[in-house]
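Remarks on the overall topology
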Amino acid sequence: MSGMGRDVLVIAEHLQGKLADISFEMAAKARELAAASGGRTLAVVLGHGARALAEQLNVDAVYYVDHPVLAQFAPDPYNRVLADLVREKQPGVVLVGNTSMGMDVAPALAAALGWPLLAYCRDVRWEGDAVVGTSQLYGGKVMAEAAASGAGAVVTVLAGSAPADAGRGAPGSVEDVAAAGLDGVRTRFKALIEPEAADVDITKEAVLVSIGRGIQSQDNLEMAAELADALGGALSASRPIIDNGWLPKSRQVGKSGQTVKPKLYLAAGISGAPEHLEGMRDAELIVAINTDPKAPIFGVAHYGVVGDLFDILPVLTEKVREAAG
């Protein structure tokens, strides 16, 4: 690998004192890549009074940068610090979560470094001296591969690309790095505004019946709600249902909604865009109902039914009620 460096650097993401699952997943992916390249696994944590977070990642070394401006994420200060640190450490690959934060960081970082950016990656691997990313596009219906070689590459990684547990653990070392270049930053974090408490906390439900565009109209929600009630669970939905105003934001599953891990997740009429899969792929049992046999949701489902939800949901409800006596 004469072109790129061999090390893999993870940009850790955290909120309200907790590392995001995507940070651990990227640490696990970094270990895979470094094993193939013979390099080291590295991570960077930016924050203020958050050194304990740097001690939770299973990598060879973590660089911890402490500054009051970095206490919460803001694009300008993060990008300034990260560009300087990457130039100094010269990894071959920088992994960034394909999240709202990552979308602010990765393009600016790649532009500052003059490196290529591989985005929406479901998989990342080495091929010779090039890093190859498999990008998931058009709601998961298209997979595109792109290779990058040269000084290095920035890669945004989709949630679920590696097991989070493999990225948890103590690092080989934690190195404190001084923050520089933060005078006159253009954007600063002001406040975190959280939604009011909802009638149902879908993150704590053991059973979720989730609906998507396939439900067609608000009048048909009752059909799904009856199944959720029969199962002793709650009704949730993908983003289009929320955007239509048919259910409150608190019922949304996905990257811009809630991340859920119920014992049973029944997805009806949901195609399975990456943003939705990110919020539910860790459910213990996933059952999908969709008329499209090529729907991406079937790629994560344990059981799938290719059929019309209007035919299937009433039958399921009836059978569940019969079984319950």
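1. A short note on unusual backbone geometry
Although it is not a glycine, Q16 adopts a positive phi angle of roughly 50°. If you trace the backbone, Q16 turns up in the loop between β2 (14-15) and β3 (18-19). Its identity as a non-glycine residue notwithstanding, Q90 has a phi of 55°, on the positive side. Assignment of secondary structure puts Q90 in the loop between α3 (75-89) and β6 (93-97). On the basis of relative accessible area, Q90 is assigned to the partly exposed category, the value being 41%.

2. Description of the sheet that holds strand β16 (residues 303-306)
A sheet is described by the order of its strands in space; here five strands give the open sequence β13-β12-β14-β15-β16, paired in parallel fashion. Every other strand in the sheet has two partners, leaving β13 (234-237) and β16 as the edge strands with one partner each. The mean angle between the axes of side-by-side strands here comes to 20°, regardless of whether they run parallel or antiparallel.

3. Some words on the side chain of Q136
Relative to the elements of secondary structure, Q136 occurs in strand β8 (residues 130-137). On the accessibility criterion, Q136 (7% relative accessible area) is buried. A polar contact is formed between the side chain of Q136 and the side chain of R122, at a distance of 3.2 Å.

4. A few points about a nonpolar patch on the surface
On the surface, L15, F189 and L192 cluster together into a nonpolar patch covering about 260 Å² of accessible area. Mapped onto the elements, F189 comes out in the loop between β11 (174-177) and β12 (207-211). With a relative accessible area of 33%, F189 lands in the partly exposed category.

5. Some words on the environment of L113
With respect to the helices and strands, L113 occurs in helix α4 (residues 100-113). On the basis of relative accessible area, L113 is assigned to the buried category, the value being 16%. Sequence separation of L113 and V154 is 41 residues, and the distance between their C-alpha atoms is 9.3 Å. Ignoring anything within four residues of it in the chain, the contact list for L113 reads A83, V86 and R87.

6. Section: the pattern of salt bridges
Opposite charge on two side chains lets them pair, provided their charged atoms get close. Considering all chains together, one arrives at 18 salt bridges under this definition. The shortest N-O distance in the salt bridge between K29 and E32 comes to 3.1 Å. With K29 and E32 both in helix α1 (residues 21-37) and three residues apart, the pair spans about one turn of that helix. A relative accessible area of 3% places K29 in the buried class.

Rules used in this analysis
Residues numbered from 1 in each chain as written. Predicted model: local features only at pLDDT ≥ 70, side-chain atom pairs only at ≥ 80, totals over all residues. Heavy atoms only, no water. Helix = DSSP H or I, 4+ residues; strand = E, 2+ residues; numbered from the N terminus. Buried < 20%, exposed > 50% of the residue type's maximum accessible area, 1.4 Å probe, protein only. Pairing = 2+ DSSP bridges. Axes fitted to C-alpha atoms, helices over the stretch in contact; angles between N-to-C directions. Polar contact = N/O pair within 3.5 Å; in protein donor to acceptor, adjacent residues only side chain to side chain. Patch = residues over 30% accessible without salt bridge, like charges linked within 9 Å, V, L, I, M, F, W, Y side chains within 5 Å. Areas by Shrake-Rupley, 256 points an atom, 1.4 Å probe, with all protein chains shown as cover. Salt bridge = Lys/Arg side-chain N within 4 Å of Asp/Glu carboxyl O. Contact = heavy atoms within 4.5 Å.

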